[in-house]
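# A closer look at the structure
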Amino acid sequence: MASKRRGVGKGALVAAIVIILIIVVGAVYMMQGQKKAEKVVVIGVTDKITDLDPANAYDFFTWEVLSNVMAGLVKYDPDTGKIVGDLATNWEVQEGGKVWIFHLRKDAKFADGTPCKAQDVVRSVKRVMKIQGDPSWLVTDFVDDVQAVDDYTVKFILKTPASYFLALVATPPYYPVHPNYPDDKIASDATWGGCGPYMIKEWVRDEKLVLVPNPHYYGEKPKNDKVVITFYSSANALKNALESGQVDVAWRTLNPEDIKDLKSKPNFKVIEVPGLYIRYVVIKTDAPPTDNVLVRRALAAAVDRNEIAQTVFKGTVEPLYSMVPKGLWSHIDAFKKYGDGNIDLAKQLLQQAGYSEDNKLHIELWYTPTHYGDTEAQLAAILKEQWERTGMITVDVKSSEWSQYVDQLRSGQMMVSLLGWYPDYLDPDDYLTPFLASSANGWTGTGYSNPKVDQLLKQAQTLTDQNERAQIYKQVQEILADDVPYIPLIQGKLYVVTSENVESLKISPLMFLLYDTIQVKG
């Protein structure tokens, strides 16, 4: 019996080992299967993130990221372009547009499960007002006070009625941020986020940003399990990463030649995004030599937009003659009065300003090498060439990376620089007030201030009749072309290129990539 018991024991031991091995192998197989099934989207960009804090971030790509990890009271419907409720289920307007009351949904939570209430909205908006970062004018120019009526009701009291206040509320400075954000300091590398569809899992500045779904998000679940944003140093590196399968989506910004090449390859999808994206020259108006309006007008006259569009951007953009883009009501071609490449007029203006071939105007032109893609160096080079065709201008071209470039811009260190603009909100005001209103344009470093323009823009804000507003905006564009603190160059399109495994993707009316809509084959 004892021997038999020992024989049974060995058999049981062998069986147990076999069973354990089967279980282990099965578990490993299942884990591999789960890992394989995980739907990860890798987005490649040449752009950079400035501040993961809506109190100071004021650039397109950072706003795109914030709009995916945070949520506002309202948002743009990607299908209709209309403003719809997000954290707010409904709202009411009182006292002729001076008081706006928003009623919040009760199931909104931050990524750690903390409920998002009216007090969070109030604290976040007042934080923007207190910190006074670059985008703060979107709040401080309009809001006199914001109050929590109760846990789920927010009341805004405006300084004056604003016909487009709902569009302002859709911007990141109005997003409620997690309670960990300090009340009076910018948190540039904060990962606490907000109440949006994603939360930040990992953040290594200028290397990668990893997002996973917010488990407490109230809306539709994202179509993927993880989004990895990888930052590349050049458009060529981004294209190589796409072609080698390292990224699924190549976004901001491939070279025009690369886009043309990828269009011809069947294993990639090229999506053209028509939009209200503009490029322009920024000129410092409060220091010599560009404080002389004759100098600024001469620079405007010598610019040849058609040559820029064809040579630098290979015909993928259109010449632009106002800061308000074509297609947006009130647009006029205000800068056409200078012509394109009008060297004779440029020379006349320079002579009136005291310059000659023996006494040349010296210009410092700045650009940033990666934020707008590899074409930026070409754009700076062709502008130098066009201005020097007068024989009366010499141009030094200088560059700095985006984060430093923004700091230099804010502090007014650059004489002439290149920038681009994507809309904060879909209204002509967004292409005029941030640039021309003296209370809002500090971020540009131009030092531009014209009391007449300030008065006109403020007047237009309070009107509800679009025709009356359009007449005022046309008048402002004419003053813009006279004063020339900016020179509009081109109106562009954006291109998204995906690998063939990307099945769906949507872009918001503000041209933001909506990460939760990206679906890849399993």
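Basis of the calculations
Residues numbered from 1 in each chain as written. Predicted model: local features only at pLDDT ≥ 70, side-chain atom pairs only at ≥ 80, totals over all residues. Heavy atoms only, no water. Helix = DSSP H or I, 4+ residues; strand = E, 2+ residues; numbered from the N terminus. Expected span 1.5 Å × (residues − 1). Buried < 20%, exposed > 50% of the residue type's maximum accessible area, 1.4 Å probe, protein only. Contact = heavy atoms within 4.5 Å. Pairing = 2+ DSSP bridges. Axes fitted to C-alpha atoms, helices over the stretch in contact; angles between N-to-C directions. pLDDT = per-residue confidence, 0-100. Polar contact = N/O pair within 3.5 Å; in protein donor to acceptor, adjacent residues only side chain to side chain. Phe/Tyr/Trp six-rings, centres within 6.5 Å; stacked < 30°, edge-to-face > 60°.

On to helix α3 (residues 118-131). With 14 residues, α3 extends 20 Å from end C-alpha to end C-alpha; this agrees with the ideal 20 Å at 1.5 Å per step. Those residues of α3 that sit buried are Ala118, Asp120, Val121, Val122, Ser124, Val125, Arg127, Val128 and Ile131. The elements touched by buried residues of α3 are β5 (99-104), α4 (137-140), β6 (143-150) and β7 (153-158).

By the bridge criterion, six bridges tie strand β4 (residues 88-94) to β5 in an arrangement that is antiparallel. Directly across from Glu92, in β5, lies its bridge partner Ile101. Here β4 folds back onto β5 in antiparallel fashion, the turn holding four residues, of which Glu95 has a positive phi close to 55°.

The next thing to look at is the sheet that holds β5. Spatially, the four strands line up as an open sheet ordered β4-β5-β7-β6, and their pairing is antiparallel. For this open sheet the edge positions go to β4 and β6, each flanked by a neighbour on one side alone. Sheet twist, expressed as the mean angle between neighbouring strand axes with direction ignored, is 20°.

Now for the confidence of the model for the chain. Residues with a pLDDT of 70 or more make up 93% of the chain, whose mean pLDDT is 92. Scored below 50 in pLDDT, residues 1-8 shows zero contacts in the model against residues more than four places distant or in partner chains. Every residue in residues 31-35 is under pLDDT 50, and counting partners more than four places away or in other chains gives zero contacts.

Residues Arg252 and Thr253 are joined by a peptide bond in cis, for which omega reads 5°. Position of Thr253 relative to the elements: it lies in the loop between β11 (249-250) and α7 (256-263). Following Pro288, the chain continues into Pro289 via a peptide bond in cis, with omega recorded as 0°. Relative to the helices and strands, Pro289 resides in the loop between β12 (268-283) and α8 (293-302). A positive phi angle is found at Glu95, which is not glycine, with a value near 55°.

For Ser499, the position within the fold is in strand β17 (residues 486-499). Along the backbone, Ser499 and Val520 are 21 residues apart, and their C-alpha atoms lie at a distance of 9.4 Å.

The next thing to look at is the environment of Thr80. With respect to the secondary-structure elements, Thr80 resides in the loop between β2 (74-76) and β3 (83-85). Given the relative accessible area of 51%, Thr80 is considered exposed. Between the C-alpha atom of Thr80 and that of Gly113, which follows or precedes it by 33 residues, the distance is 31 Å. Engagement of the side chain of Thr80 in a polar contact is seen with the backbone nitrogen of Lys82, the distance being 3.1 Å.

A separate point is the packing of aromatic side chains. Scanning the entire structure with this criterion turns up 30 aromatic pairs. Ring geometry for Tyr58 against Trp421: centres 5.7 Å apart, planes inclined by 90°, an arrangement best described as edge-to-face. Of this pair, Tyr58 sits in the loop between β1 (40-45) and α2 (60-69) while Trp421 sits in strand β16 (residues 416-421), and the two are 363 residues apart along the sequence. When its relative accessible area of 12% is taken as the criterion, Tyr58 is described as buried. The exposure class assigned to Trp421 is buried, which follows from its relative accessible area of 5%. Measuring from centroid to centroid gives 6.0 Å for Trp329 and Tyr473, while their planes differ by 50°, and the two rings are tilted. Residue Trp329 is located in the loop between β13 (318-319) and α10 (343-352), and its partner Tyr473 is located in helix α15 (residues 466-483); the two are separated by 144 residues in the primary sequence.

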